[in-house]
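# Inside the fold
If you want the building blocks of each chain, they are given just below.
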Amino acid sequence: MEDGRETAAMREQKRKDRQIDRQSHTIDDTQALENTDSDIGLCGWILVLFSILLTLLTLPLSIWMCIKIVKEYERAIIFRLGRILRGGAKGPGLFFILPCTDSFINVDMRTITFDIPPQEVLTKDSVTVSVDGVVYYRVQNATLAVANITNADAATRLLAQTTLRNVLGTKNLAEILSDREEIAHSMQSTLDDATDDWGIKVERVEIKDVKLPLQLQRAMAAEAEATREARAKVIAAEGEMNASRALKEASLVIAESPSALQLRYLQTLNTIAAEKNSTIIFPLPIDMMQSFMKH
């Protein structure tokens, strides 16, 4: 038990270490992408100064081209002459750009949900199943999501499909049907590690449905029915055995007291008379019939 706790603690510590390493790696990548204005060169500075001068000369009309607003759930990545401005993503709220040299891209920071299309998977025990799921993710670093990948949403969708097939390919049918939560956690960990360089945080993965071939469904249903029938027969046999033991004990009690048999006979008459009044029961001792049976 202590070994299991130590192993779980070690795994948790390793997971935290990997998370810290990823965070430091992400910070380094973000800082590398956020170039200073001095990197644009002499020609760049000339263009920036010309843009500022043009903006000042065309006031107040140019102010409407310089003021931009992003919503609470959005961030803006500003490019000046093709380079990301120092400071990273801007927003939410109001910010300014130069109309001639600056451009920006809005990034949605809300959690995005998408369905994984049904995937035909060959399990470890050579059974073909169709599995689908759902993934919840959000953009954690807007700068990396814009600069490191062309389309983060499409890449995450494709990666989720391949990860689902890879993870389920290492499981047998019984594990897929019973350990959905473990499979979902494994997929989430794999996706989160793979999308960390893209600034994507995979929050949750769920397995929606596992579809089996029709023949396999019939075979499993027949197996379950046979198992239940066998269990019912065992229970019935145990009941008969218990009943026979009770009858044996009752016969021993009646044999010890001959009047008990008469009382049992009167009780039976009372029970029959309550339902069928026209029925008459006359007890005939078996000893009287033995002489006739011999002849």
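For the structure itself, consult the block above.
Everything quoted here is computed from the prediction, not taken from an experiment. (Residues numbered from 1 in each chain as written. Predicted model: local features only at pLDDT ≥ 70, side-chain atom pairs only at ≥ 80, totals over all residues. Heavy atoms only, no water.)

## Overview of the pattern of salt bridges
- Tallied over the entire structure, the rule returns 7 salt bridges.
- Salt-bridge contacts for D108 lead to R110; the nearest nitrogen and oxygen are separated by 2.8 Å.
- When its relative accessible area of 28% is taken as the criterion, D108 is described as partly exposed.
- Across the salt bridge formed by E203 and R138, the nearest N and O atoms sit 2.6 Å from each other. Of the two residues, E203 is situated in strand β8 (residues 200-211) and R138 in strand β7 (residues 128-139); the sequence distance between them amounts to 65 residues.
- Taking relative accessible area as the criterion, E203 reaches 33% and is therefore assigned partly exposed.
- Judged by relative accessible area, R138 falls into the partly exposed class, the value being 27%. (Salt bridge = Lys/Arg side-chain N within 4 Å of Asp/Glu carboxyl O. Buried < 20%, exposed > 50% of the residue type's maximum accessible area, 1.4 Å probe, protein only. Helix = DSSP H or I, 4+ residues; strand = E, 2+ residues; numbered from the N terminus.)

## With respect to the sheet that holds β7
- If you trace the 3 strands from one edge of the open sheet to the other, you get β6-β7-β8, paired in antiparallel fashion. Lying at the two open borders of the sheet, with one neighbouring strand each, are β6 (112-122) and β8. Each strand axis lies, on average, 25° off the axis of its neighbour in the sheet, ignoring direction.
- Bridge analysis of β7 against β8 gives 10 bridges, and the strand direction is antiparallel. Bridging from a neighbouring strand, S130 pairs with K211 of β8.
- Lying over the sheet, helix α5 (residues 152-168) contacts β6, β7 and β8, oriented at roughly 35° with respect to β6.
- Contacting β6 and β8, helix α7 (residues 180-194) runs over the sheet at an angle of about 145° to β8. (Pairing = 2+ DSSP bridges. Axes fitted to C-alpha atoms, helices over the stretch in contact; angles between N-to-C directions. Contact = heavy atoms within 4.5 Å.)

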